[in-house]
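# Analysis of the macromolecular model
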Amino acid sequence: FISGKRSDRQGITRNSDITVMSTLMNAQRYIMSKSVAPGKQEETLVAAAEGMINAALQRINHFYANEWTAYRKLVEGTRVSLFKEYKPLEPVQ
């Protein structure tokens, strides 16, 4: 959601997924490519990027409030034994 799926393709390839990073980089590219003050188009792109960032933050907060809390309780409640029972060795006959 934030940076897209990992690709195993070689060479220069384009990913058509709309992600938080691609939206943010698109707004940055429009702003940096002009030698005049940002206008309505750039403001719209920045607003879209802010919307994507806020959606990502909501998903992250939801994860930590729900799935992570349950997982953490499970892990913290698990007793991890650092030692195995020792079974005496028997001589070879």
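Residues numbered from 1 in each chain as written. Predicted model: local features only at pLDDT ≥ 70, side-chain atom pairs only at ≥ 80, totals over all residues. Heavy atoms only, no water.

Once that is clear, we can look at the pattern of salt bridges. This structure, assessed with the given rule, holds 2 salt bridges. Residue Lys34 pairs with Glu42 through a salt bridge whose shortest N-O separation is 2.7 Å. Note that Glu76 is salt-bridged to Arg72, the shortest N-O span being 2.8 Å. Highlighted residues: Glu76 and Arg72, both in helix H3 (residues 67–77), separated by 4 residues, approximately one helical turn. Residue Glu76 is classed as exposed on the basis of its relative accessible area, which comes to 55%. Arg72 gets classed as partly exposed once you look at its relative accessible area, which sits at 45%. (Salt bridge = Lys/Arg side-chain N within 4 Å of Asp/Glu carboxyl O. Helix = DSSP H or I, 4+ residues; strand = E, 2+ residues; numbered from the N terminus. Buried < 20%, exposed > 50% of the residue type's maximum accessible area, 1.4 Å probe, protein only.)

Moving on, we get to helix H2 (residues 40–65). A rise of 1.5 Å per residue sets the reference length of H2, with its 26 residues, at 38 Å; its end C-alpha atoms lie 37 Å apart and thus fit the reference within 8%. Within the sequence span of H2, burial applies to Glu42, Leu45, Ala49, Met52 and Ala56. Lining the buried residues of H2 we find helix H1 (20–32). (Expected span 1.5 Å × (residues − 1). Contact = heavy atoms within 4.5 Å.)

A word on the packing of aromatic side chains. Tallied over the entire structure, the rule returns 4 aromatic pairs. Note on Phe63 and Trp68: the rings are 6.3 Å apart at their centroids and 45° apart in plane angle, and the pair reads as tilted. Of the residues examined, Phe63 reaches a relative accessible area of 35% and is grouped as partly exposed. Its relative accessible area of 34% is what places Trp68 among the partly exposed residues. Considering the side-chain rings of Tyr64 and Trp68, the 5.7 Å spacing of their centres and the 65° angle between planes classify their relative orientation as edge-to-face. One aromatic cluster is present, formed by Phe63, Tyr64, Trp68 and Tyr71 through successive ring pairs. (Phe/Tyr/Trp six-rings, centres within 6.5 Å; stacked < 30°, edge-to-face > 60°.)

Attention now moves to the confidence of the model for the chain. Here the chain averages 87 in pLDDT, and 95% of its residues register 70 or above. Averaged pLDDT values for the elements of the chain fall to 90 in H1 and rise to 93 in H2. (pLDDT = per-residue confidence, 0-100.)

Bringing the environment of Glu42 into the picture now. The topology assignment puts Glu42 in helix H2. According to the relative accessible area criterion, Glu42 is buried, its value standing at 3%. Note: C-alpha distance between Glu42 and Ala27 (15 residues apart in sequence) is 6.3 Å. Among residues more than four places away in sequence, those in contact with Glu42 are Tyr30, Ile31 and Lys34.

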